[in-house]
Amino acid sequence: MDTIIWHEGIPDLAAVNAHEQNSLSAHLGIEIVKIDGNMITGSMPVDARTVQPHGRLHGGASVALAETVGSLAANLVLDPATHIAVGIDINANHVRPVKQGQVLATASPEALGRTIQVWAIRITDEQDNLVCISRLTMAVIPVERT
């Protein structure tokens, strides 16, 4: 079994998804589908909400998925009573178009520092082909600064 990195153990999927209901995630149809010891996977439909005018998955939708999954992961590592993580940089390389179905984004930690976290997010299609690779950098700040 992988080492569990989450502050309160492996989170409950239903609770995590319920927490995301009044956010961009819900509007785009993003759902967290798996959490293990050190990775989180979310899904997003490729539909009218997430495609560009040419009918392909919009790069911005891929970035929104990557940031959603990575940001959620970053915050689940922290004690929410004392610290939160906020995004300071994200990049993405879009390597394959998707016209239909679902895409899956899996976030895994590259660095979990005291003040900075770096997450790698791989987005794949339903055939496990790489669609997008993203890196998200998060600043860890005390709750009293928010």
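So, a few notes on the structure that sits alongside this text. Please read all numbers here as calculations on a predicted model, not as lab measurements. For every chain, the first residue of its written sequence is number 1, and the numbers climb from 1 along that sequence. The model is predicted, so local features are restricted to residues of pLDDT at least 70 and side-chain atom pairs to those at 80 or more, both for listing and for counting; the totals for chains, interfaces and linings are taken over all residues. Only hydrogens and water are set aside when side-chain values are computed; all heavy atoms of the structure are taken into account.

Time to look at the overall build of the protein. Each helix is a run of H or I in the DSSP string that is no shorter than four residues. Each strand is a run of E no shorter than two, and both are numbered from the N terminus. Secondary structure assignment for the protein yields three helices and six strands. Listing each helix as α and each strand as β along the protein from the N terminus yields α-α-β-β-α-β-β-β-β. Relative to the 2.2 N^0.38 estimate, which gives 15 Å for 146 residues, the radius of gyration of the protein is 15 Å and therefore close to what a compact globule would have. In terms of its C-alpha atoms, the protein occupies a principal-axis envelope of roughly 45 × 30 × 30 Å. Looking at the protein residue by residue over its 146 residues, the buried ones come to 38%. As defined in this context, the radius of gyration uses C-alpha atoms, and a globule is described by 2.2 Å times the residue total to the power 0.38. For every residue, the accessible area obtained with a 1.4 Å probe (protein chains only) is divided by the maximum for its type, and the residue is called buried under 20%, exposed over 50%, and partly exposed between those limits.

Time to look at the sheet that holds strand β3 (residues 83-94). Here a strand pair is declared whenever DSSP counts at least two bridges between the two strands. One open sheet holds the six strands; their spatial order is β1-β2-β4-β5-β6-β3, and the pairing between them is antiparallel. Looking at which strands have only one partner, the edges of the open sheet turn out to be β1 (31-35) and β3. The average undirected angle you get between the axes of adjacent strands in this sheet is 25°. Here an angle of 0 to 180 degrees is reported between the N-to-C directions of two axes, which are lines fitted to C-alpha atoms, with helices fitted over the stretch in contact.

Turning our attention to the pairing of strand β6 (residues 130-142). Both β3 and β6 contribute to a ladder of 11 bridges, which runs antiparallel. Residue pairing in the sheet places G87 in a bridge with M138 of β6. Sheet topology places strand β5 (residues 116-124) next to β6; nine bridges connect them, and they run antiparallel. Looking at β6, one finds that T124 is bridged to L130. The loop that links β5 with its antiparallel partner β6 comprises five residues; one of these, D128, has a positive phi angle of about 70°.

Residues belong to one nonpolar core when they are buried, are Ala, Val, Leu, Ile, Met, Phe, Trp, Tyr or Cys, and are joined through side-chain atoms within 4.5 Å. Ranked by internal contacts, the top residues of the largest apolar core, which has 33 residues, are W119 and I123. The set of elements that each furnish at least two residues to this core consists of β1, β2 (40-45), α3 (59-77), β4 (102-112), β5 and β6. Take this core: its biggest share by element is nine residues, from α3.

Remember, this is a structural readout, not a statement about activity or role.
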